[in-house]
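# Secondary and tertiary structure notes
Spelled out from the first residue to the last, the chains are:
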Amino acid sequence: MSRPGAVVLVLVLGLTCSAAPARAQAEAAQARDALDRVEVEARALKQGDLQPGNALLQRCHQVRQALWAAVGKADAAWAEQLRRCEALDRRIQEVCTGQPKAAAAPDDALRRATGLLDEVERGLAALNPGDVPAANALLTKLEEAKPLAIGSPARASDAWIDFFPRVRDLDRRVRARAAEAAGAAPQGAPRPGERPPAAPKPLSASDGWTLRRDFYPAWDDVAGQLERLPAADLGLARFAEGLRAGIRRMLAAVQAVQEQGHPDVRWCRQRLHALNEALEARIREGVALQEQRRRAAAAAAEDVNGRLRELSEAFDPTTLRCGLEPPYTPERVQAWAADLKRLRQVAASGQAEMERLRTRHPQYARDPAVADMHRRFQHWLPGQVDHALLEATGWAADGARRTAPGRLGDLVARGQTARGQALTDDLLADDAWVTQLLTDLREGAAAADGLRAVARELFGKDDPALGQQAADLRAAAARAEDRAQRALARVRLPGAATSDPRLLQVARDCMAGAPERLVITSLPERKTERRSDSWVEGDYLYTRTWTEEWEEFYVAAAERVGEHHRIVTYVLKFVHRASGMKPEGRWYCHLRLEGQRILPENIAK
């Protein structure tokens, strides 16, 4: 009975190890997600970025430590992520330093461990089916090789990374060869309802009851689900672990049977091995499908997020300004209209792009970020453009006139009002009034040209009436400027009332600056005025009355004020008697008034 007992040992080891892949897959998935983030950030590195590079290397090291401590070292996904981690580490160092990093080489311990695997490989080639003792000897060598590899410091080498998946493969193959019976074994995929062929001698009642109660129902359930469930579902841990639990129940039932050498028990072991192999193959297929779906979902997310980033760069809702800003020259207004036209096209193309994105990735049709971006292009941006157009021109999006004329319309109306002003000599003598008049006329003409440019640019129609308005306003501005220039040319200092040297000297002494010419326009005149004031102190009202007496005369001077010469009128006073608040006994400037402009060549005339 020793040989069947050895078979039990081999198969128990083989089946109890099958619970590890779920945890191994979780460990590999966690490492993969962390490396995905590191890889995205590493794309922005350039030579000399030592600080961000060191931060990414530290994160790679954390992933590497987690993989070294993982229980699923025999899983292919574990090896893939560890190899990826080492490659990413080398790439980051090479980019940041500009120097290549040498690949790690195996050490003596790792070479001895891989040598043992080579011996197992050669022994497996010579292993006869069902030769359990020889299989156990090979399994013992695998166990001897593991601590050598685990203790090796050359963990960054490809040989170390490939070691544990190779151990798993050899272990599986050795156990499969040992489980093969010398005679014919049941063939074909496991099916629900399968039962062992009739044996010459039936199992004992208790052993038969154990199989009927614990093995065959679990067999029908696991084999049936393996037929019905899609492979993608088996890639999910909740389905895979449920079926693996069924495998463990069947194994426990087989182990509980007393007659381990009975043909029914051998059949159960062989078919259970086949069922376990089929299940693990389907699980691997399912995990691959789930990974493919994950990558497809990640690619779709990257596509959607990338397009959202690109589209958001077309405009920034926090800084976008569609409004027309002064000065309202025809060139600026035309450029503004072209910007509005471009923004309309951006809104239309953005809406179309969002519709294409929803069609290409239906799972994102209701995504809040996608809906928000679509709303920006469909409502926000067109609303901003229409509001800016209405505010500047008074036109709606279709070119219809609204109640408000808009800023450009206001300027045209002001220009028309200025055009109707009567150009009297008094008004033309006021250069501030003339400046404002010319500003209104010229801005009105520019606004009319701008409105015409907007109509052509945005609505594809011309408005000759606006062109005529602009021409009329410019002609009015030219006439007003000509009249103002002629009026300015006629400006002279007033005639002198006296040329008394004493009064001229008094006038010069009272002025802060030195005028280019001054004229006394009136003789000194003595004046008297009776004045009074009152105030309250306590319960009493006090009143004071006094008489002021003074002399005054007027002076006109030609002075430079800013960029031009102007006629400045002075009122000079000499107070003989006052209330004490004014200077007495001397001449002073009582009032200074800046008047109309005078040409330098006319000052002496």
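Residues numbered from 1 in each chain as written. Predicted model: local features only at pLDDT ≥ 70, side-chain atom pairs only at ≥ 80, totals over all residues. Heavy atoms only, no water.

## Examining the packing of helix α12 (residues 330-360) against helix α16 (residues 431-459)
Relative orientation and spacing of two packed helices are given, respectively, by the angle between their axes and the distance between those axes. Running from amino to carboxyl end, α12 crosses α16 at an angle of 25 degrees, the nearest separation of the two axes being 8 Å. Classified by the interaxial angle, the pair formed by α12 and α16 is roughly parallel. Seen along the crossing, α12 lies across α16 with a hand that is right-handed. Residues Pro330, Val333, Gln334, Trp336, Ala337, Ala338, Leu340, Lys341 and Arg344 of α12 pack against Ala446, Asp449, Gly450, Ala453, Val454, Glu457, Leu458 and Phe459 of α16. (Axes fitted to C-alpha atoms, helices over the stretch in contact; angles between N-to-C directions. Helix = DSSP H or I, 4+ residues; strand = E, 2+ residues; numbered from the N terminus. Parallel < 35°, antiparallel > 145°, perpendicular 65-115°, else oblique. Left-handed = near helix turned anticlockwise from the far one by under 90°. Contact = heavy atoms within 4.5 Å.)

## Overview of a nonpolar patch on the surface
A grouping of Trp535, Tyr540 and Tyr542 is seen on the molecular surface, where their side chains present a nonpolar patch of about 340 Å² in accessible area. As for its placement among the helices and strands, tyrosine 540 is situated in strand β3 (residues 540-561). According to the relative accessible area criterion, tyrosine 540 is exposed, its value standing at 58%. (Patch = residues over 30% accessible without salt bridge, like charges linked within 9 Å, V, L, I, M, F, W, Y side chains within 5 Å. Areas by Shrake-Rupley, 256 points an atom, 1.4 Å probe, with all protein chains shown as cover. Salt bridge = Lys/Arg side-chain N within 4 Å of Asp/Glu carboxyl O. Buried < 20%, exposed > 50% of the residue type's maximum accessible area, 1.4 Å probe, protein only.)

## Examining the nonpolar core
Among the nonpolar cores identified, the biggest contains 48 residues, and Leu324, Val333, Trp336, Leu340, Leu408, Leu441 and Val454 are the most heavily contacted of them. Elements represented by at least two residues in this core include exactly α11 (263-312), α12, α13 (368-393), α14 (406-419), α16 and α17 (464-489). Ranked by residues supplied to this core, first place goes to α16 with 11 residues. Among residues more than four places away in sequence, those in contact with valine 454 are Val333, Trp336, Ala337, Leu389, Thr393, Trp395 and Phe459. Counting residues in hydrophobic clusters, the runner-up holds 42 residues, among them Leu45, Ala154, Phe164 and Ala178. (Core = buried A, V, L, I, M, F, W, Y, C linked by side-chain atoms within 4.5 Å.)

## So, the pattern of salt bridges
Counted according to the given criterion, the structure contains 51 salt bridges. In this structure, aspartate 214 and arginine 213 form a salt bridge, with 2.9 Å as the shortest nitrogen-oxygen distance. Look at arginine 213 and you get partly exposed, because its relative accessible area is 45%. Each of Arg32, Asp33, Asp36, Glu39, Arg84, Arg91, Glu291, Arg294 and Arg295 takes part in a single network of salt bridges with overlapping partners.

## Here we look at helix α8 (residues 205-228)
A rise of 1.5 Å per residue sets the reference length of α8, with its 24 residues, at 34 Å; its end C-alpha atoms lie 33 Å apart and thus fit the reference within 8%. The largest bend along α8 reaches roughly 35 degrees and is located at arginine 212. Those residues of α8 not exposed but buried are Asp207, Gly208, Thr210, Leu211, Phe215, Tyr216, Ala218, Trp219, Val222, Ala223, Gly224 and Leu226. (Expected span 1.5 Å × (residues − 1). Bend = angle between axes of the 7 residues up to and from the residue.)

Everything listed here is a matter of coordinates, which is why it stays silent on function.
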